[in-house]
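Architecture and fold: a report
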Amino acid sequence: MNSLNKYVNTIKKRFKESSFVVYILLICIIPQLIIIYLTYGISESGLRKEMESKLNIVADNKIIAIDNYIFNAQNEAKILAYNPDIVQAILEIDSLPPLENNKQKISEIAQKITPYLSYLMALSGYDNIYFISPKNEILFSLAKDQEYRVETSQSISSLPELASVVERAKILMETEVSHFSPSQVANQQRAFMAAPVISQGNVIGVLALQLNINEISNILNASTGSNISLENIVGIPTQNSSVRLMLPLKFDKDKKFIDQENPTDRATYDYFSKSTHGGNLKSSIFTDYRGQTVISVARYIPSLRWGMITKIDTSEAFSYIAQLRRSILWLLGISLPLLALILYKVSKKLQQSKELLDNIINSMPSQMVIFDEKGQITLWNNEAEKKSGVPLDKTKNKPLTTILPYLEQAEQKILEAISTQEPKKIDKITYSTPEGNVYYEALTYPLAGKDFNGTALLIQDITERVQLMESVQHQDRLASIGLLVAGVAHEINNPLNFITSNVKSLRNDINDVLEILKKYTNITPATVASMPALHEELKKIETYKEEIDLHYTLEEINKLLNGMDEGAQRTSNIVKGLKTFSRADDSEMKSVDILEGIESTLTLLKNSYKNRIEIVQDYEQPIPPIDCYPGKLNQVFMNILSNAIQAIPDKGTIFIKITKGPNLINISIRDTGAGIKEAHKNKILMPFFTTKDVGQGTGLGLSITYNIILDHHGSLVVNSEEGKGAEFIITLPIKQPSKIKSPNEK
Amino acid sequence: MLKNYILIPLLIILFTAVVFFLNFTAPGSSLNQEPIKVGILHSLTGTMAISESPVVDATLMAIEEINQKGGINGRLIEPITVDGQSNWPNFALQAENLITENRVDAIFGCWTSACRKSVKPIIEKHDSIFIYPLQYEGLEQSPNILYTGSAPNQQIIPAIKWAYENIGKRFFLIGSDYIFPRTANAIINDQIRTLKGEIVGEEYIPLGDQDVKQVVEKIIKSQPDMIINTINGDTNTAFFKELHKIEQGNKQIPVLSFSISESEIPNIGVDNLIGNYASWNYFQSIPSVENRKFVNNFKKKYGADRPTSDPMEAAYFGVYLWAQAVESAGSSSPQAVLNALKTQSFNAPEGVVSVDSQTMHTWKIVRIGRINSKGQFDIVWSSETPLRPVPYPPSRTINEWNKFLNDFYTLWGKNWSNNNLNIEK
């Protein structure tokens, strides 16, 4: 199970790696394929449209030509029916007596018009001309086949097509045309054109022309350009789901019907039969009777009631497209692998550089988070994802503190930095965990790319640094105290000397006074009884009093006691100052009078400046109590003041000035010392930076100072000009924004 | 980077869409959705409204059917229906508007010849297409007009011949006083003269006139074998009512009408009409599959009591012939469509109809029907096959016919009907 998971993961990873390449390949190749496909499609549909319109033109021309032929035949029949010679001939025949042997007479009359009719038939290609009486008897006919012989014996009943069209012509009083139907002779298709012959308002007969289908065949087969497979098929529907072909097929001369039952004919029948029932059809592509795929259009010929389809093999019609298709396939076959190869190489390079960048970002021990303009996380490195524990795609629309809870303290500042797109450094973000406090440093800077405006957030775990700094701070304090001890000892020595030297004199004086007291004890009641003895004793006392100068001695005792008192007082002050300074009890923030701290610091430092430096204090009273860790703040004063004292080599002045703002106070400590070199200005807050000789200072003082001020949410500004002294301005809030746990609390 | 992963596929899709769009909006392509505008110009008010409204319905139905099947080459037809108000100058004005303002590619419309003749010069001036659905007197031909109604040889001449042979030889001609009845009767005069028949009377009533008493009395007095009726509009109602009233109990003189179809029968009253004849190319009673479909669709759309008639059917297949031509031409521009129209055929409710390339009229079957008690026609005669349209009957030359028309036009003060004022009724 485990190995399977591993396998799946490997595949996923591989795919993720190569998906970039695949993606680029697709991006480049898909549009190309689409363009080729569309070009091909446009060409194909264009060609089909062109072929359709060509077929339409051919079909239209054919049926108009056929209709013209029929129309002209109708007109010729009409003209013949109006011909006075012909009208005359019919009138003459009508006037003959109804005798059996009229044939000779009729023949004679007919002969008169035969040359004219023969000439007309030769020109027009009619096979026969019939003259029919109103009673539907054929008076005589003129046939083309054998030298235009006149026949008189024919009966109309042998020609049913003729009989029906003659009847229609008489009823409609118009020239009418019959269907084409096979004649008994030579299986020829023929049709009749019948025109009523009218004389003085009377229908005196009907003239009929016999049309030969060859004329129509000629029209249909007349040149259609170089298209070998172009074919016009004409036919009429029969009773039993087939189409009777009116003219032989181009490729199968013996075929008589297109039959629905015949599988090879079916597609042709389906299309063709619709045209034979009227209606012009949309072009269609189907398989014709030869099994060839054809494109076809259909027409209806109203004068003959024929359907017609005009078709051409698609292999011929679309040969250009087939060639185009071959060319495209060749082109794709060659160009696609080449293109793919090039793209593969290019994208591989791109991927490599992308991987390098990813690697750089992901290998960073810090967390990097990229926000877009709307404050959404768009990218982060592995470290950030690991710390957050939330997958990147789940970060959308979630508050920052849900994703990165340890930034809670700095959330406001980060959001502000993202929205304003200004670089910002948030120095120390505290996050307490059950295992103890963790510290972060956050750095934001805008990412102003061409198409991406966002903000990068760099988060660094500075817990170790903070811890180190704290221990250093503590040591520094101990070191300061150690340094102080020497001065303090000296300070205490003086008043102590007061006391010890006074004690000796005091003891002598007191012994003297006690001696007087002892002498008084020699006066007993017995002595008192003897007056001279008393006198004696009193005289001895008086002598001793003069001997020790009692008056002076008593005065001296008082003086000595006063001196001792002062010495004890001064010692007590120094001890008190030391205690104030060290404040070992300040693990919690307290509201404290900072003047007390400044005073005690000055007291402790007195030895190093007295008689040398004047301290000028200018306070904007009353100064309110400040929320702080008093011991730490004293360390700040100690560091800055001792630096100031050290900066003044001989005599000088230190100005301590306190001003108030609405919520904060500014403590300015300015000295008239050497000042800070320009080159050192940027470095003085750095840890271990010192201008003193080796062993003289740790180089941590100002760095610690700065950290303490930051702990108090304050700020430190240093102004200095070399040679003219330096000014340190500490700004502290009067009330801390929220009670924050002491950094010392573990 | 992330942005690009979304942007690039989007661009590809967009690009593809644009290419497809450009490809298929090319002229004649199937995705070009711009509709083809056509005008429908009939009287929706005035004396002709009763006749013309059903024609509008049939025209709209054909358009709707074509649109339901996806239009022509993917383009829908957008009909713009305009009221001619039974007023011929207004028809001309509306035709001009349809072409120049609405930019229609074809106009379907008119009933009376007077209307057609007013519109004709406008259509020809703009080289547009006009499709006219009525049987008419002929004597006209225009490269811009497709006549889907019958020419005289497809209605009048066969009907007179049939009447002559089956009813009798003495005819009384009555008609409205405008160009169609005048011309129809001229043709009938020529034909009856040829047939050696007799015209016992010829009377004209102004369009819209209801005063028919005198005329009917005249007819009764002259005792014809048959009345040939070319009255148009609501005068027919008055005429048949009056005739029926007078004939009550007496022998009925059969009337052969050329302008009374299934649509007019209910208004005139079946009782006033039973046994009379009409000649048309189409009757609702034709038993073909195509006709049953047409009748059913029409009833479904407009109501079971609505009849179908010849002018409606002619209007209906006129839309189809035009649509086929647009499809074949691959364009709706009138010039291209006119050319393609010449070879169109359509399996219409009346049978196969084909445009005659010579005359721009249609090949049609002629039928004569006898009105039965249901207000329908029993078909008594049919030409079986479609007849070639002959707009100028051969009894006179084209010049003679044109002079004939022009004389009336001049006589009526440059109008195609007598007493134009009556039309406003």
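Residues numbered from 1 in each chain as written. Chains lettered and ligands numbered in written order. Predicted model: local features only at pLDDT ≥ 70, side-chain atom pairs only at ≥ 80, totals over all residues. Heavy atoms only, no water.

This paragraph deals with the overall build of chain A. Scanning chain A for helices and strands turns up 18 helices and 25 strands. Taken across its 746 residues, chain A has 45% of its residues classed as buried. Sequence separation of 24 or more characterises 59% of the internal contacts of chain A that already satisfy a separation of 6 or more. Accessible area for chain A stands at about 40300 Å²; split by element, carbon and sulfur atoms hold 56% of it. (Helix = DSSP H or I, 4+ residues; strand = E, 2+ residues; numbered from the N terminus. Buried < 20%, exposed > 50% of the residue type's maximum accessible area, 1.4 Å probe, protein only. Contact = heavy atoms within 4.5 Å. Areas by Shrake-Rupley, 256 points an atom, 1.4 Å probe, with all protein chains shown as cover.)

Residue and element names in this part refer to chain B. In space, the seven strands of this open sheet follow the order β7-β6-β8-β9-β10-β14-β15, with mixed pairing throughout. Because the sheet does not close on itself, it has two edges, and the strands there are β7 (198–205) and β15 (377–382). Adjacent strand axes in the sheet meet at a mean angle of 25° when their direction is disregarded. Relative to β7, strand β6 (residues 170–176) runs parallel, the two sharing seven bridges. When the bridges of β7 are listed, Phe171 appears paired with Ile199. (Pairing = 2+ DSSP bridges. Axes fitted to C-alpha atoms, helices over the stretch in contact; angles between N-to-C directions.)

Opposite the 43 residues of chain A that make contact, chain B presents 43 residues. At the boundary of chain A with chain B, total buried surface from both sides reaches about 3700 Å², with 60% on carbon and sulfur atoms. At the junction of chain A and chain B, the tally comes to two salt bridges. A salt bridge links Glu327 of chain B to Lys282 of chain A, with the shortest nitrogen-to-oxygen separation between them at 3.5 Å. At the surface where chain A touches chain B, the tally comes to nine residue pairs in polar contact (both at pLDDT 80 or more). Every element with two or more residues in the side of chain A that touches chain B is listed here: α1 (2–82), α4 (160–172) and β12 (293–301) of chain A. Among the elements that line the side of chain A that touches chain B, the one with the most residues is α1 of chain A, at 20 residues. Class assignment of the residues belonging to the side of chain A that touches chain B gives a composition of 20 nonpolar, eleven polar and twelve charged. (Buried area = accessible area lost by both parts, 1.4 Å probe. Salt bridge = Lys/Arg side-chain N within 4 Å of Asp/Glu carboxyl O. Polar contact = N/O pair within 3.5 Å; in protein donor to acceptor, adjacent residues only side chain to side chain. Nonpolar A, V, L, I, M, F, W, Y, C, P; charged D, E, K, R; others polar.)

As a further point, take the environment of Arg370 of chain B. Residue and element names in this part refer to chain B. Tracing the chain through its elements places Arg370 in strand β14 (residues 367–371). Judged by relative accessible area, Arg370 falls into the partly exposed class, the value being 37%. Filtering out sequence-adjacent residues up to four positions away, Arg370 remains in contact with Gly275, Asn276, Tyr277, Gln376, Phe377, Asp378 and Val380. Within the local environment of Arg370, its side chain forms a polar contact with the side chain of Tyr277, the two groups lying 3.2 Å apart.

Another point: unusual backbone geometry. Omega for the bond connecting Gln621 of chain A with Pro622 of chain A falls within 30 degrees of zero, at -10°, which places this linkage in the cis form. Along the chain, Pro622 of chain A turns up in the loop between β20 (613–619) and β21 (626–628). Unusually for a residue other than glycine, Asn136 of chain A sits at a positive phi of about 65°. Take Asn136 of chain A: it is sitting in the loop between β1 (128–132) and β2 (138–143). On the basis of relative accessibility, which here comes to 22%, the residue Asn136 of chain A falls in the partly exposed class. In this model, Asn73 of chain B sits at a positive phi of 50°, which is unusual for a non-glycine residue. Looking at where Asn73 of chain B falls in the secondary structure, it is placed in the loop between α2 (49–68) and β2 (77–83).

Turning to the packing of α2 of chain B against helix α11 (residues 310–329) of chain B, a few remarks are in order. Residue and element names in this part refer to chain B. Remark: α2 packs on α11, axes separated minimally by 8 Å, with the N-to-C direction vectors making an angle of 30°. Classed by the angle they form, the pair α2 and α11 counts as roughly parallel. Seen along the crossing, α2 lies across α11 with a hand that is right-handed. Only Pro311, Met312, Ala315, Tyr316, Val319, Tyr320 and Ala323 of α11 make contact with α2, whose side of the interface consists of Pro54, Val55, Ala58, Thr59, Met61, Ala62, Ile63, Glu65 and Ile66. (Parallel < 35°, antiparallel > 145°, perpendicular 65-115°, else oblique. Left-handed = near helix turned anticlockwise from the far one by under 90°.)

Let us now look at the side chain of Ser181 of chain A. Residue and element names in this part refer to chain A. Considering the arrangement of structural elements, one finds Ser181 in strand β5 (residues 181–182). For Ser181, a relative accessible area of 11% translates into the label buried. Leaving out residues up to four positions away in the same chain, Ser181 has contacts with Glu161, Gln188, Gln189 and Arg190.

Residues and elements named next belong to chain B. An ideal rise of 1.5 Å per residue puts 18 Å on 13 residues; helix α3 (residues 88–100) measures up with 19 Å between its terminal C-alpha atoms. Here α3 has its buried residues at Trp88, Asn90, Phe91, Ala92, Gln94, Ala95, Leu98 and Ile99. Elements in contact with the buried residues of α3: β1 (36–42), α2, β2, β3 (106–109) and α4 (113–125). (Expected span 1.5 Å × (residues − 1).)

Residue and element names in this part refer to chain B. Pairing is parallel across the open sheet formed by five strands, whose spatial order is β2-β1-β3-β4-β5. If you trace the sheet from one side to the other, it starts and ends with β2 and β5 (145–147), each paired once. For this sheet, the mean angle separating the axes of adjacent strands, direction not counted, is 20°. Against the sheet, α2 touches β1, β2 and β3, its axis set at about 165° to β1.

Before going further, it helps to spend a moment on the pattern of salt bridges. For the structure shown, the criterion picks out 38 salt bridges over all chains. Ionic pairing is found between Lys120 of chain B and Glu124 of chain B, a salt bridge with its closest N-O pair at 3.6 Å. Note that Lys120 of chain B and Glu124 of chain B are positioned in helix α4 at a spacing of four residues, about one turn of the helix. By relative accessible area, which is 31% here, Glu124 of chain B ends up partly exposed. Linking Asp407 of chain B and Lys403 of chain B is a salt bridge whose minimum nitrogen-to-oxygen distance equals 3.2 Å. Residue Asp407 of chain B and its partner Lys403 of chain B are both found in helix α13 (residues 398–411); the two are separated by four residues, about one turn of the helix. A relative accessible area of 53% places Lys403 of chain B in the exposed class. What you see here is one network of salt bridges that share partners, running through Glu231, Asp288, Arg290, Lys311 and Asp313 of chain A.

This brings us to the pairing of β2 of chain A. Residues and elements named next belong to chain A. Within β2, six of the six residues are buried, leaving the element largely enclosed by the surrounding structure. With five bridges joining them, β1 and β2 adopt antiparallel strand pairing. What sits directly across from Tyr130, in β2, is Ser141. Between β1 and β2, which follow one another and run antiparallel, lie five residues, and Asn136 among them has a positive phi close to 65°.

Residue and element names in this part refer to chain B. Scanning the model with the defined rule gives one disulfide over all chains in all. Here Cys110 engages in a disulfide with Cys115; their sulfurs sit 2.1 Å apart. Its S-S torsion of about -65° marks the bond between Cys110 and Cys115 as left-handed, since a negative value means left-handed. A relative accessible area of 0% places Cys115 in the buried class. (Disulfide = S-S within 2.5 Å.)

What follows concerns the nonpolar core. Ranked by internal contacts, the top residues of the largest apolar core, which has 131 residues, are Phe239 and Trp322 of chain B. Sort the elements by how many residues they give to this core and α11 of chain B lands first, with twelve residues. Discounting chain neighbours no more than four positions away, the residues touching Phe239 of chain B are Ile174, Val212, Val216, Ile219, Ile227 and Ile231 of chain B. Listed in part, the 66 residues of the second largest apolar core include Val58, Ile63, Ile66 and Ile70 of chain A. (Core = buried A, V, L, I, M, F, W, Y, C linked by side-chain atoms within 4.5 Å.)

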